[in-house]
Amino acid sequence: MRKTSVLERVRLFGRAGIDVVATLGRSTLFLLRALFGGGSRNGFQLLVKQLYSVGVMSLAIIVVSGLFIGMVLSLQGFSILTKYGSEQAVGQMVALTLLRELGPVVTALLFAGRAGSALTAEIGNMKSTEQLSSLAMIGVDPLKYIVAPRLWAGFISMPLLAMIFSVVGIWGGAMVAIDWLGVYEGSFWANMQSSVSFREDVLNGVIKSVVFAFVVTWIAVFQGYDCEPTSEGISKATTRTVVYASLAVLGLDFILTALMFGDF
Amino acid sequence: MSAENPYAVELKSLSFKRGERDIFTNIDIRIPRGKVVGIMGPSGCGKTTLLRLIAAELRPSAGEVWVNGVNLPTLSRSELFDMRKQMGVLFQSGALFTDLDVFENVAFPLRVHTQLPEEMIRDIVLMKLQAVGLRGALELMPDELSGGMKRRVALARAIALDPQILMYDEPFVGQDPIAMGVLVRLIRLLSDALGITSIVVSHDLAETASIADYIYVVGDTQVLGQGTPDELKASEDPRVRQFMQGIPDGPVPFHFPAANYRDDLLGGR
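Read on for an overview of the structure. This one's a predicted model, so the numbers in the text were calculated from it and none came from an experiment.

Calculation criteria
- Residues numbered from 1 in each chain as written.
- Chains lettered and ligands numbered in written order.
- Predicted model: local features only at pLDDT ≥ 70, side-chain atom pairs only at ≥ 80, totals over all residues.
- Helix = DSSP H or I, 4+ residues; strand = E, 2+ residues; numbered from the N terminus.
- Rg over C-alpha atoms; globule rule 2.2 N^0.38 Å.
- Buried ≥ 20, exposed ≤ 12 C-beta atoms within 10 Å, placed from the backbone.
- Contact = placed C-beta atoms within 7 Å.
- Pairing = 2+ DSSP bridges.
- Expected span 1.5 Å × (residues − 1).
- Axes fitted to C-alpha atoms, helices over the stretch in contact; angles between N-to-C directions.
- Core = buried A, V, L, I, M, F, W, Y, C linked by C-beta atoms within 7 Å.
- Bend = angle between axes of the 7 residues up to and from the residue.
- Nonpolar A, V, L, I, M, F, W, Y, C, P; charged D, E, K, R; others polar.
- Parallel < 35°, antiparallel > 145°, perpendicular 65-115°, else oblique.
- Left-handed = near helix turned anticlockwise from the far one by under 90°.

**Looking at the overall build of chain B**
Item 1. Across its full length, chain B carries 10 helices and 10 strands.
Item 2. Rg of the C-alpha trace for chain B: 20 Å, near the compact-globule value of 18 Å for 269 residues, within the 12% margin.
Item 3. On the principal axes, the C-alpha backbone points of chain B span a range of 70 × 40 × 40 Å.
Item 4. Counting the 269 residues in chain B, one finds 39% classified as buried.

**Points about the overall build of chain A**
Item 1. Looking only at helices and strands, one finds nine helices and zero strands in chain A.
Item 2. Secondary structure elements of chain A, listed N to C terminal, follow the sequence α-α-α-α-α-α-α-α-α.
Item 3. Among the 264 residues that make up chain A, the fraction classed as buried is 45%.
Item 4. Considering only residue pairs separated by 6 or more positions, chain A has 87% of its internal contacts joining residues 24 or more positions apart.

**Section: the sheet that holds strand 5 (residues 70–71) of chain B**
Item 1. Here four strands make up an open sheet; going across it, the order is 2-1-4-5 (chain B) and the pairing antiparallel. On the outer flanks of this sheet lie strand 2 (21–32) and strand 5 of chain B, each paired with one strand and no other.

**Observations regarding helix 6 (residues 142–180) of chain A**
Residue and element names in this part refer to chain A.
Item 1. In this model, helix 6 (39 residues) spans 53 Å end to end at C-alpha, consistent with the 57 Å of a helix rising 1.5 Å per residue.
Item 2. Burial analysis of helix 6 places 28 of its 39 residues in the buried class, which makes it a mostly covered element.
Item 3. Looking one or two residues past helix 6, G182 carries a phi angle of roughly 80 degrees, positive in sign.

**Description of unusual backbone geometry**
Residue and element names in this part refer to chain B.
Item 1. Despite not being glycine, E170 shows a phi value in the positive range, around 45 degrees.
Item 2. On the neighbour-count criterion, E170 (20 C-beta atoms within 10 Å) is buried.
Item 3. The backbone of D220 shows a phi angle near 55 degrees, a positive value even though the residue is not glycine.
Item 4. Position of D220 relative to the elements: it lies in the loop between strand 9 (214–219) and strand 10 (222–227).

**Brief notes about the sheet that holds strand 8 (residues 197–202) of chain B**
Residues and elements named next belong to chain B.
Item 1. Pairing is mixed across the open sheet formed by six strands, whose spatial order is 6-7-8-3-9-10. In this open sheet, the two edge strands, each paired with only one partner strand, are strand 6 (87–90) and strand 10. Ignoring which end each strand starts from, the neighbouring axes of this sheet average 15 degrees apart.
Item 2. Across four bridges, strand 6 lies against strand 7 (residues 165–169) in parallel orientation. Paired with V89 across the strands is M167, a residue of strand 7.
Item 3. Where helix 5 (residues 147–158) meets the sheet, it contacts strand 6 and strand 7, and its direction lies at approximately 175 degrees from that of strand 6.

**Some points on the nonpolar core**
Item 1. In terms of nonpolar packing, the biggest core is built from 138 residues, with V216 of chain A together with I54, M167 and I199 of chain B touching the most fellow members.
Item 2. Dropping the residues within four chain positions of it, I54 of chain B is found in contact with V9, V65, V67, M167 and I199 of chain B.

**Some details on helix 4 (residues 90–128) of chain A**
Residues and elements named next belong to chain A.
Item 1. Within helix 4, the axis deviates most sharply at L98, by approximately 55 degrees.
Item 2. In terms of burial, helix 4 is largely enclosed, as 30 of its 39 residues are buried.
Item 3. A positive phi of about 65 degrees marks E130, the residue just after helix 4.

**Examining the interface of chain B and chain A**
Item 1. Counting from both sides, the interface comprises 16 residues of chain B and, opposite them, 12 residues of chain A.
Item 2. When contributions to the side of chain B that touches chain A are tallied by element, the ones reaching two or more residues are helix 2 (77–83), strand 6 and helix 3 (102–113) of chain B.
Item 3. The element contributing the most residues to the side of chain B that touches chain A is helix 3 of chain B, with four residues.
Item 4. Within the side of chain B that touches chain A, the residues separate by chemical class into 10 nonpolar, two polar and four charged.

**Here's the deal with the environment of A153 of chain A**
All names here are of chain A.
Item 1. Note that A153 resides in helix 6.
Item 2. In sequence terms A153 and V54 are 99 residues apart; their C-alpha atoms lie 6.7 Å from each other.
Item 3. Beyond its immediate sequence surroundings of up to four residues, A153 is in contact with L47, Q50, L51, V54 and G55.

**Remarks on the packing of helix 1 (residues 6–36) of chain A against helix 6 of chain A**
All names here are of chain A.
Item 1. For the pair helix 1 and helix 6, interaxial distance at closest approach is 8 Å and the crossing angle is 95 degrees. Relative to helix 6, helix 1 is oriented roughly perpendicular. Mapping the contact onto sequence places R33, A34 and L35 in helix 1 and L143, V147, A148 and L151 in helix 6.
Item 2. Each residue belonging to the contact of helix 1 with helix 6 can be placed in one class, and the counts come to six nonpolar, no polar and one charged.

**What to know about the packing of helix 4 of chain A against helix 7 (residues 185–195) of chain A**
Residues and elements named next belong to chain A.
Item 1. Contact geometry of helix 4 with helix 7 gives a least axis separation of 7 Å together with a crossing angle of 45 degrees. The pairing of helix 4 with helix 7 is recorded here as oblique in orientation. Of the two possible hands of crossing, helix 4 and helix 7 adopt the one that is right-handed. Of helix 7, the residues touching helix 4 (which contributes V90, G91, Q92, A95 and L96) are F188, W189, N191, M192 and S195.
Item 2. Tallied by class, residues from the contact of helix 4 with helix 7 come to six nonpolar, four polar and no charged.

**A few points about the pairing of strand 7 of chain B**
Residues and elements named next belong to chain B.
Item 1. Most of strand 7 sits inside the fold, with five of its five residues counted as buried.
Item 2. Neither face of strand 7 is exposed, since I165, M167 and D169 on one face and L166 and Y168 on the opposite face are all buried.
Item 3. When strand 7 meets strand 8, the two strands line up parallel, connected through five bridges. Residue pairing in the sheet places I165 in a bridge with T197 of strand 8.

Take a look at the structure:
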């Protein structure tokens, strides 16, 4: 194999830096143009279609995952809390964990895997089969017609999916705690009601899921639009969507949690 | 503005680079209004790139691209999309929208750019599909069509809005002899009957020469020759003669630039 000189390494490092900055610039311009470039005539119809394929089609995985995670939380919480004689607090533990953390975070991770990868592959495939060029040549801006409805659909549907995830999770947790483990129903719900604050917990969870929705959908549509229009290019872009979106969600979750709940 | 200008498209001192590689160096091309003009040249010489430059899908490294009296690289994004309503492009793959059936593909430009009632859209779509011989296929999805049929549907879609300039990227590839004959006549007819300016990018010499009023031969980053098909056939320029007569090697190299063949073969030892 050819040896790389020090100068060559510095050059490659510089080139990689320039590429990263250029990609950030392109993706920002892309986002601004798609969001503020004006709507298309049948924009509402396109949005509804995307809300269906991005949001409604993700419902099954969100509901099933939410249910199991709620049930597991309840089981784990019960076994730990019983040691301290506080098993009546399992309701508040399940609710707070879901509303503050697992609802927004797991929904975003699942959304990146199901809808995000599909968005990237779909737009990448449109690019490789020249459908985007074809649209542009008909005088229709692909950013308005293809990208904008998908972005808005992601922004709208993910926070709703996160709420559904938390609700189903709490229901699953209640089922296990009350019907199976024998926690008194009154104290399960009463503890939850008294400890969950709308502003601190519910609203902060929603804010988190709005931020995640923005980042995950942006990454997904940009990776599709910017990919190499080949089979390998689409495959790499789809992988990048899942990896970048997951890392971004986990990193942002730490920052948001520190800002919302950190006492400093 | 556009009616006074005898040229629908003018490329002035145009250069284009892909990375470090020159695709075109300072070329001038003029496409007369209402004529069929062939852009010919060996594979990989940048014919499709030239179409994409005319359609302003690519920006030139230097030079001007005038279409209907407007220098396209100076336009804003929205002005460019408006301008493109005057053009139609038939892509090599057809580039049909895979989630729409044949009827909806052809109706698409009419739905997004006009307020025509549904009955009129239906009539126009049927007329365009009849012209390409695929009226009976209006309910089929793109994945149910052959490559040649896809391109004919794409042609029907490209002429749906009756553009002033129509660009064809290798329209004859993959067509059976009957469809080829129809296509050749259709391109000529669109130009003669509707005054559409047609730019045909192709390396099919016989078909292009049979319909083109004027031909540009491009290669080696330059315009190698230009003229009517008869002028080009009679050309003494060795580069043009090589292409027109299909001689494998000559002043226009068949091989992509490479190191010495012998050195390359022995280099690993």
